[in-house]
Amino acid sequence: MASAFHHATSTTLDKVIGNDEAGFTYGRYGNPTTGAFETAVAQMEGADDAVAFSSGMAAIYAAIALVVSSGDTILASRDIYGASFSVLRDHFHKLGVRPVFVDITDLDQVEAAIQAHRPTAILAETVSNPLLRVADIPRLVALAKPTATRVLIDNTFATPLLVNPITLGADMTIHSSTKYIAGHGDIMGGVIAAGSETAAALREQSRMLGAIASPMDAWLSLRGIKTLPLRYTRQCTSAAAIVSELERDPRISRVIYPDVTFNPGNQFRSALRGAIVSFEVAKAGQPEIYALMDALQMILPATTLGDVYSLMLYPAMASHRALTPEERAEVGIADNLVRLSVGIESPDDILDDLRQALDTAFP
Ligand SMILES: Cc1ncc(COP(=O)(O)O)c(C=O)c1O
């Protein structure tokens, strides 16, 4: 925990500031604990390096800002996290960057959009929030390479355990480390894994933007990583069990979960498909969903995911609130859709709570 680092002589300090000697000088330029966290993420993602940020959105902002300039076009998946959608639609658009939203799973549409708009970059999520649609990263990379389009992948839902976009040819792998990486719902953080040149440029930019990870948050994230495989494997297995039960419940009209047999480009490293389950409640609208969430006794209604506790979120109210009702309808986020982030509790307890809440809300 330090904002500046002491060196015994001015000559050494001069060399370290000038990057002629390794070391730390000022907190915004780097910190040993944050550096250790960055090394861990780079190793998990199979990347040369990683750069940590103060939140997932700071990381997404930095990734986009590094590769686009005014007059450029960026291609983005239509069903990305709401704030990623709105930072493109509102903020970058204001700076002269044109966002074009596509169905990232429709590769013909992606190819046509690349030819028509010559985008500087593509932004997609490995497994999208909240509709859990899987991007075929190797095919996206193959479509992007001929036009030198940079591929930016938000790997938050898949975690480094399931997919490593950098090893599949992506230029940057982004995480909201607030979620599974830190894993305990007690910090905000973001991190980008990349090749050494891109990481160096991100680090240089980060010195100016200043949205760095605090050493305490980096330390908590490192502590979280120690149990990431244990937590996430349990959460994914429980999620799959919950999916089969919900599919049998007549009150649930649609259960959304990535198909275990669907593995585009052989990108999934295991048979796990994540710990988020989204579902639509039959004949429900906002009042019924609120009643369901209010009736929960163990699962916590919360605007986050990836915690050890099970959490429920209503996308229309939270993650995708910034979208207009028309935009939500176009993306496929219905008014009866809820997102369940499965925690490490007993899957039976999670199911019991879901059932009793459904019984209460729909007697
Ligand atoms: C897929 C995804 N990416 C990025 C973010 C943004 O992360 P943060 O909230 O840490 O800024 C979120 C937040 O929910 C997310 O779900």
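Residues numbered from 1 in each chain as written. Predicted model: local features only at pLDDT ≥ 70, side-chain atom pairs only at ≥ 80, totals over all residues. Heavy atoms only, no water.

Let us now look at the overall build of the chain. Within the chain one finds 13 helices and 12 strands. Relative to a compact globule of 363 residues, whose C-alpha radius of gyration would be 21 Å, the chain shows 21 Å and is just as compact. Over its C-alpha atoms, taken along the principal directions, the chain stretches across nearly 75 × 45 × 35 Å. Within the chain, buried positions represent 53% of all 363 residues. Residue pairs at least 24 apart in sequence account for 72% of intrachain contacts in the chain once pairs closer than 6 positions are excluded. (Helix = DSSP H or I, 4+ residues; strand = E, 2+ residues; numbered from the N terminus. Rg over C-alpha atoms; globule rule 2.2 N^0.38 Å. Buried < 20%, exposed > 50% of the residue type's maximum accessible area, 1.4 Å probe, protein only. Contact = heavy atoms within 4.5 Å.)

Residues Ile289, Leu292, Met293 and Ala295 constitute the buried set of helix H11 (residues 286–295). Viewed along the axis of H11, the buried residues span an arc of 165°, placing them on a single side of the element. In H11, the exposed residues that point more than 90 degrees away from the buried face are Pro287 and Asp294. Where H11 is buried, its residues meet strand E9 (276–281), strand E10 (300–301), strand E11 (311–313), strand E12 (337–341) and helix H13 (347–361). (Arc of directions from axis to C-beta.)

What follows is about the pattern of salt bridges. Summed over the entire model, instances satisfying the criterion amount to 13 salt bridges. Residue Arg355 is joined to Glu245 by a salt bridge in which the shortest nitrogen-to-oxygen separation is 3.1 Å. In this pair, Arg355 is assigned in helix H13 and Glu245 in helix H10 (residues 228–247), connecting sequence segments 110 residues apart. For Arg355, a relative accessible area of 32% translates into the label partly exposed. Given a relative accessible area of 27%, Glu245 falls into the partly exposed group. Note that Asp249 and Arg251 form a salt bridge whose closest N and O atoms lie 3.0 Å from each other. Classification of Asp249 by relative accessible area gives buried; the value is 12%. Overlapping salt bridges, with partners in common, bring together Glu245, Arg248, Asp352 and Arg355 in one network. (Salt bridge = Lys/Arg side-chain N within 4 Å of Asp/Glu carboxyl O.)

Lining the immediate surroundings of the ligand are 16 residues, of which Gly56, Met57, Asp154, Ser176 and Thr178 lie closest. Asp154 has a polar side-chain atom sitting 2.6 Å from a nitrogen atom of the ligand. Here an oxygen atom of the ligand sits 3.1 Å away from a polar atom, N or O, in the side chain of Lys179. A total of 390 Å² of accessible area belongs to the ligand in isolation, and the protein chains cover 93% of it. (Near = heavy atom within 4 Å. Polar contact = N/O pair within 3.5 Å; in protein donor to acceptor, adjacent residues only side chain to side chain. Areas by Shrake-Rupley, 256 points an atom, 1.4 Å probe, with all protein chains shown as cover.)

Turning to the domain arrangement of the chain, a few remarks are in order. Under the domain assignment used here, the chain contains domain 1 (10–225) and domain 2 (228–361). Centre-to-centre separation of domain 1 and domain 2, based on C-alpha positions: 25 Å. Taken together, the contact pairs 39 residues of domain 1 with 41 residues of domain 2. For the domain 1 face of the interface with domain 2, the top three residues by lost area are Leu161, Leu162 and Tyr180, together amounting to 23%. Where domain 1 meets domain 2, there are two salt bridges. With its nearest N and O atoms 3.8 Å apart, the salt bridge here joins Arg78 to Glu330. At the boundary of domain 1 with domain 2, the tally comes to 22 residue pairs in polar contact (both at pLDDT 80 or more). Listing elements by their share of the side of domain 1 that touches domain 2, those giving two or more residues are helix H4 (82–94), helix H6 (137–144), helix H7 (159–162) and helix H9 (215–225). The dominant element in the side of domain 1 that touches domain 2, judged by the number of residues it contributes, is H4, at five residues. Residues belonging to the side of domain 1 that touches domain 2 are distributed by class as follows: 24 nonpolar, 10 polar and five charged. (Domains from an automatic or database assignment. Buried area = accessible area lost by both parts, 1.4 Å probe. Nonpolar A, V, L, I, M, F, W, Y, C, P; charged D, E, K, R; others polar.)

Next up on the list: the packing of aromatic side chains. Inspection of every chain in the model, using the stated rule, returns six aromatic pairs. Plain terms: the ring middles of Tyr26 and Tyr29 are 5.7 Å apart, the flat faces sit at 85° to each other, and that makes the pair edge-to-face. Assessed through its relative accessible area of 38%, Tyr26 is described here as partly exposed. With a centroid separation of 5.8 Å and an interplanar angle of 85°, the aromatic rings of Tyr290 and Tyr314 are classed as edge-to-face. On the criterion of sequence distance, the pair formed by Tyr290 in helix H11 and Tyr314 in the loop between E11 and helix H12 (325–331) is long-range, its members being 24 residues apart. Tyr314 gets classed as buried once you look at its relative accessible area, which sits at 2%. One cation-aromatic arrangement involves Arg207 over Tyr29; the distance from NZ or CZ to the ring centre is 4.1 Å. Stacked on the ring of Phe268, the Lys or Arg Arg273 has its end atom at 4.0 Å from the ring centre. (Phe/Tyr/Trp six-rings, centres within 6.5 Å; stacked < 30°, edge-to-face > 60°. Lys NZ or Arg CZ within 6 Å of the ring centre and 35° of its normal.)

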